[in-house]
Amino acid sequence: MNIDIPEGQEPIGYVWGDMVPGIGMAAANFSLSVYEHTTLGLREFEAARLRIAQINGCLFCLDWRTDRDGEKVEDEFAEAVTQWRTTAAFDDRTRLAAEYAERYALDHHGIDDEFWTRMTAHYSQHEIVELSMSIGSWLAFGRLNHVLGLDAVCVLPGH
């Protein structure tokens with residue numbers, strides 16, 4: 001870990017809450033709102049989220065699975081995300097969500113008219129903005145946690 005955490009403190013809570021409470025709590029609220037207020041389907045949401053987790057290398061994010069009223073994506077879903085171009089497990093919306101996440105993270109200047117034509121054929125303007133904000137949240141906070149080494153010491157609830 002690249003940040004000193006006092007004995008007995010939970011790393012994420014300490015860094016995000018105690019160290020920079022004005023910034024950290026705002027960031028935490030933004031991060032939580034992506035999960036609480038999404039209108040996106042679970043599969044496209046998780047395809048984009050997991051693709052960002054894979055790119056960021058955030059251990060915590062890679063292990064996390066979004067739960068919607070007791071429903072989660074199947075165990076094989078994360079592997080399908082790595083194969084988003086060719087997997088038979090994805091419909092067009094799910095495949096586009098993974099592609100958008102990858103392009104957003106790795107080549108945002110290369111998102112061209114051809115991509116937007118495909119994207120707008122499957123997603124509404126509202127959904128595109130929501131997905132863009134969600135991807136931005138995951139990209140920023142997953143990288144923050146990984147760079148600071150927090151992802152290696154955090155555990156999922158129930159683990």
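So, here is what we can say about the structure in this document. As the structure is a prediction and not an experimental result, all values here were calculated from the model.

About the criteria used
- Residues numbered from 1 in each chain as written.
- Predicted model: local features only at pLDDT ≥ 70, side-chain atom pairs only at ≥ 80, totals over all residues.
- Heavy atoms only, no water.
- Helix = DSSP H or I, 4+ residues; strand = E, 2+ residues; numbered from the N terminus.
- Contact = heavy atoms within 4.5 Å.
- Salt bridge = Lys/Arg side-chain N within 4 Å of Asp/Glu carboxyl O.
- Buried < 20%, exposed > 50% of the residue type's maximum accessible area, 1.4 Å probe, protein only.

A closer look at the environment of Ala48
- Within the secondary structure, Ala48 is located in helix H3 (residues 42-56).
- Sequence separation between Ala48 and Ile135 is 87 residues, and the spatial gap between their C-alpha atoms is 6.8 Å.
- Dropping the residues within four chain positions of it, Ala48 is found in contact with Ala97, Ala98, Ala101, Leu131, Ile135 and Trp138.

Re the pattern of salt bridges
- Tallied over the full model, the rule gives 10 salt bridges.
- With a closest N to O distance of 3.6 Å, Asp112 and Arg103 form a salt bridge.
- A residue is classified by how much of its surface remains accessible, and Asp112, at 35% relative accessible area, is partly exposed.
- What makes Arg103 buried here is its relative accessible area of 18%.
- Here Glu114 makes a salt bridge to Arg118, at a shortest N to O gap of 2.5 Å. Placement of the pair is Glu114 and Arg118 together in helix H7 (residues 113-122), with a separation of 4 residues, close to one helical turn.
- The class of Glu114 is partly exposed, set by a relative accessible area of 44%.
- For Arg118, a relative accessible area of 29% puts it in the partly exposed group.

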